[in-house]
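Structural features, examined
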Amino acid sequence: METRRIDTDILIIGGGTAGCYGAMCLAQDENLRILVVEKANIKRSGCLAAGVNAINSYIPSYRTYDEYVDYTRNDACKIVREDLLYTVAQGFNDAAHHLEKLGLVIQKDAEGNYAMRGRWNVKINGENIKPIMAKAVAELENVTVLNHVNIADLVYRDNRVLGAYGFGVSEDVIYKIRAKAVLMATGGAAGLYRPNNPGFSRHKMWYSPFNTGAGFAMGIKAGAEMTTFEMRFIALRCKDTIAPTGTIALGVGGKEINAMGKVYEGKYGLKTCDRVYGTLRETLEGRGPCYINTKGIGKAAADDLKKAYLNMAPSQTLKWIEAGKDASEADVEIEGTEPYIVGGHTASGFWVDTGRATTVKGLFAAGDVAGGSPKKYVTGAMAEAKIASESMVEYLAALSADEGEDEAAERQFDTLDEELRGFLAEKLPLYGIDDIEDAMQKIMDTYAGGIGSNYQYSEKGLEAAKYKIENLEKLMPALVAKDMHELLQIYEIRERITVCKTLLVHMGARQETRWHSFGENQDHPQADDRHWLKYVNTKLQDGEIRVIFRDLVKRDEYYEHTD
Ligand SMILES: Cc1cc2nc3c(=O)[nH]c(=O)nc-3n(C[C@H](O)[C@H](O)[C@H](O)COP(=O)(O)OP(=O)(O)OC[C@H]3O[C@@H](n4cnc5c(N)ncnc54)[C@H](O)[C@@H]3O)c2cc1C
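Cut-offs applied
- Residues numbered from 1 in each chain as written.
- Predicted model: local features only at pLDDT ≥ 70, side-chain atom pairs only at ≥ 80, totals over all residues.
- Heavy atoms only, no water.
- Helix = DSSP H or I, 4+ residues; strand = E, 2+ residues; numbered from the N terminus.
- Buried < 20%, exposed > 50% of the residue type's maximum accessible area, 1.4 Å probe, protein only.
- Near = heavy atom within 4 Å.
- Polar contact = N/O pair within 3.5 Å; in protein donor to acceptor, adjacent residues only side chain to side chain.
- Areas by Shrake-Rupley, 256 points an atom, 1.4 Å probe, with all protein chains shown as cover.
- Nonpolar A, V, L, I, M, F, W, Y, C, P; charged D, E, K, R; others polar.
- Arc of directions from axis to C-beta.
- Phe/Tyr/Trp six-rings, centres within 6.5 Å; stacked < 30°, edge-to-face > 60°.

1. A look at unusual backbone geometry
Cis rather than trans, the peptide bond between glycine 288 and proline 289 has omega equal to -5 degrees. Within the secondary structure, proline 289 sits in the loop between α7 (272-284) and β14 (290-292). Phi angles above zero are rare outside glycine, and aspartate 240 is one such case at about 75 degrees. By the secondary structure assignment, aspartate 240 is in the loop between β12 (236-238) and α6 (246-252). Judged by its relative accessible area of 34%, aspartate 240 falls in the partly exposed class. One non-glycine residue, lysine 375, lies in the positive phi region at around 55 degrees.

2. Points about the site of the ligand
As a structural note, the neighbourhood of the ligand is formed by 32 residues, with Thr17, Ala18, Glu38, Ala54 and Asp368 the closest of them. Note that an oxygen atom of the ligand is positioned 2.6 Å from one of the side-chain N or O atoms of glutamate 38. Contact distances for the ligand include 2.8 Å between an oxygen atom and a backbone N or O atom of cysteine 47. For the ligand, whose free accessible area comes to 1000 Å², the fraction covered by protein is 95%. Among the elements of the structure, α1 (17-26), β3 (52-55), β8 (149-157) and α10 (377-397) are those that each provide at least two residues to the shell around the ligand. A per-element tally of the shell around the ligand places β3 first, with 4 residues. Class assignment for the residues of the shell around the ligand results in 16 nonpolar, 13 polar and 3 charged.

3. Examining helix α2 (residues 65-75)
Residues of α2 that are buried include every one of Tyr68, Val69, Thr72 and Asp75, and no others. Down the axis of α2, the buried side of the element spans an arc of 130 degrees, and every buried residue falls inside it. Following α2 by one or two positions, cysteine 77 has its phi on the positive side, about 50 degrees.

4. As for the packing of aromatic side chains
In this structure the tally under the stated criterion is 20 aromatic pairs. Residues tyrosine 207 and tyrosine 340 carry aromatic rings whose centres are separated by 6.1 Å and whose planes lie at 50 degrees to one another, so their mutual orientation is tilted. You can see tyrosine 207 sitting in the loop between β10 (173-184) and α5 (214-221) and its partner tyrosine 340 sitting in the loop between β15 (332-336) and β16 (349-350), a full 133 residues away along the chain. Exposure remark for tyrosine 340: the relative accessible area of 0% places this residue in the buried category. When the ring of phenylalanine 233 is compared with that of phenylalanine 518, the centres are 5.6 Å apart and the planes differ by 70 degrees; the resulting orientation is edge-to-face. Of this pair, phenylalanine 233 sits in the loop between β11 (226-227) and β12 while phenylalanine 518 sits in the loop between α14 (484-509) and β19 (520-521); the two residues are 285 residues apart in sequence, bridging distant segments of the chain. For phenylalanine 233, a relative accessible area of 5% translates into the label buried. Residue class for phenylalanine 518 comes out buried when judged on its relative accessible area of 4%. Members of the aromatic cluster, joined through ring pairs, are Trp206, Tyr207, Phe233, Tyr340 and Phe518.

Dropping the structure here:
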């Protein structure tokens, strides 16, 4: 095993949307050395790997930032950071324009304005959005990209980040990286719960299966404060293909209908979570399966849908072709996915200040890993990366080296080396990696509100989940990797278990039910503002996950970490 050491000013962990754009923003300061480390290849990694067909967050000239904040706040039943929403909204349009300059095709209406799809969405031909961003990063002279390297842990001292530890996914190399500041851009967490599809197709899920919550886990272990994990995201998707339904709803005005053909959309509310909940209720009450009504939309509209899905979820197009029936001939069956933790859609993630600094000094967060501002999506991840990069430059200007930090980093590197080599040591494997993954997903599904338990949970169930997940964690050292790819899989399970433990604490602490399905606490099914109007945050202290309730932050505040 070779060890490579790297010294850089700024380390960006994750070369997805936020990571790539963060590199572009930071590279404008030509004195900075920037390193992007990506576990896949930035050309096709993360949420944008397969492409997208819309920019979901754009403020057209006839709308205001306040309207966007109000809309998002309502959808989340007020549990948002208005300061974060307002500042991210200010950056949406610049991000979209930048993508267009880089070569992204944004569709236009007859007047030459961006073609809108719904209130905030812009239509794009986005199959190649990620290669476009990757090419722009590759052209930056002061940015180095390390592809196929997984970051496993942060190194830190006295609540200040000093760098990170990682390993090659396809080469036998350990990386010991020292950095003055770190941008966490690893996306959200998929694969915590048993997914819709079993066996060979189990990784055919809505969220990128390779975003396994590494950033959350690293932050949790380093003592960073996390927020609102209990606002899980469950996507309402086309059955089996798990392709987005928004394309049909916004593109051809399809409505949610039950098996009797009755429209139930609106009956349970119109918030994002209500759509999942409504579909579930109709099914539980014997009126399933449920569909999005497309029958009769006409051949031209059905062909447009086929093209739109080729931009991001080709399996849906293939399903229509394979069935020999397109959307104009048959309604599209829908279902809810398993829950994810995704700060780009809901408010879960790192607790950051308005400048996107986490509570660990020198550690910043952007995109799906950053909490507090739901519905920010592609342009939001970019806008947040820009804000974080500006804060990082300020942080570096004020930074002075501490004595003893080299020694502290070396000590941690040694411990992490030992742990990693333990998985590669020759020993009799008692359990397979898949066994642990299955067990974790089954526990979460059964006791912590997965698909199998209709997204509902109780305090006793959460306690059982905690006990079982902790026992599962104890089995981790018995796992054996025969190559670096298996080593990656072990670390991916390890980080998901860390995320599960924090998630369970959040779910238990939110003693109210308002985001139906996203959080369905059977012991507290009522709405109750006294328990609701606060952020549920957590922090790992002395081995215990401590809950911190915080007051809501308003849009005109500049929030700074004080305690
Ligand atoms: C299927 C799908 C469809 C979507 N459609 C749209 C849409 O149409 N319009 C829209 O605006 N938004 C859409 N979104 C949302 C949007 O794509 C995301 O919010 C945004 O891309 C998130 O950016 P990010 O940088 O936080 O995460 P990502 O872009 O996913 O980047 C995270 C990166 O971190 C890497 N990584 C993870 N762990 C490690 C580690 N330990 N070490 C190194 N690297 C690591 C990953 O490989 C990945 O490249 C969609 C999301 C999904 C999942």
